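# Breakdown of the fold
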Amino acid sequence: MPYEMPVTGTDIWYYYICKRQCWLMAHRIAPDEEDENVEIGRFIHEYRYERGKRELDLGSVKIDRVIKVKGELVVREIKKSSRFLESARFQLLYYLDVLRNMGVIAKGELVFPEERDKETVEWTPEKKAELDKAVEEIRRIARLPMPPEPKKISFCKKCAYREYCWAEE
Ligand code: SF4
């Protein structure tokens, strides 16, 4: 079987924010350590709430908590804001898919305590098809000899690759 790059929940998260960042991460290009803004990894950890003790490590994904609600398993992700909603949805969907591949059927729940809001994320064949496309795309982007051109987005302000992408500005 040909080698397939493992894709993590973090890859999925960044894919829905910036394709260039996916490439930079896949190629282990170190972000600017001196950046006073939040860099890779740390940002996601802070964007998530209360990580730690109850984290479930499934190899390519780390799940915050799995609870039982009315007899159903629910993977609950607590976020500080709904700002990166599409990324958060697909990252959670990816967790549900990994669990499904292990024979565990669960629903997802995104919780935004500071906004007093939550959202249910459910695995469906349609969403799975979109997720599979994203995974394929992440692998395709990683194989490119050069990173995709930078595109200015609001996340650039928080991104530790800022200097790398926009040094001449
Ligand atoms: S600075 Fe902007 S374009 Fe560059 S990797 Fe970060 S988010 Fe992407």
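First, a word on scope: everything that follows refers to the structure included in this document.

This brings us to the sheet that holds strand β4 (residues 72-78). What holds strands together in a sheet is hydrogen bonding between their backbones, with the strands either parallel or antiparallel. Spatial strand order, β3-β4-β5-β6: 4 strands in an open sheet with mixed pairing. Unpaired on one side and paired on the other, β3 (65-69) and β6 (117-121) mark the two borders of the sheet. Taken over all neighbouring pairs, the strand axes of this sheet differ in orientation by 30° on average, direction set aside. The pairing of β4 with strand β5 (residues 107-112) spans 5 bridges and is classified as parallel. For I78, the partnering residue across the bridge sits in β5 and is V111. Packing against the sheet, helix α4 (residues 85-101) makes contact with β4, β5 and β6, and its axis sits at approximately 150° to β5.

Turning our attention to the site of the ligand. Around the ligand sit C18, Q21, P150, K151, I153, F155, C156, C159, Y161, R162, C165 and W166, and that is every residue in its neighbourhood. In this structure, the ligand is accommodated by the largest cavity. Here the shell around the ligand takes 3 residues from helix α6 (residues 162-166), the largest share from any one element. When grouped by side-chain class, the residues that make up the shell around the ligand number 9 nonpolar, 1 polar and 2 charged.

Basis of the calculations
Residues numbered from 1 in each chain as written. Predicted model: local features only at pLDDT ≥ 70, side-chain atom pairs only at ≥ 80, totals over all residues. Heavy atoms only, no water. Pairing = 2+ DSSP bridges. Helix = DSSP H or I, 4+ residues; strand = E, 2+ residues; numbered from the N terminus. Axes fitted to C-alpha atoms, helices over the stretch in contact; angles between N-to-C directions. Contact = heavy atoms within 4.5 Å. Near = heavy atom within 4 Å. 1 Å grid on protein atoms, 1.4 Å probe; cavity = no way out; pocket = protein on both sides within 12 Å on 5 of 7 lines; lining within 4 Å. Sits in = over half its atoms within 2 Å of the grid points. Nonpolar A, V, L, I, M, F, W, Y, C, P; charged D, E, K, R; others polar.

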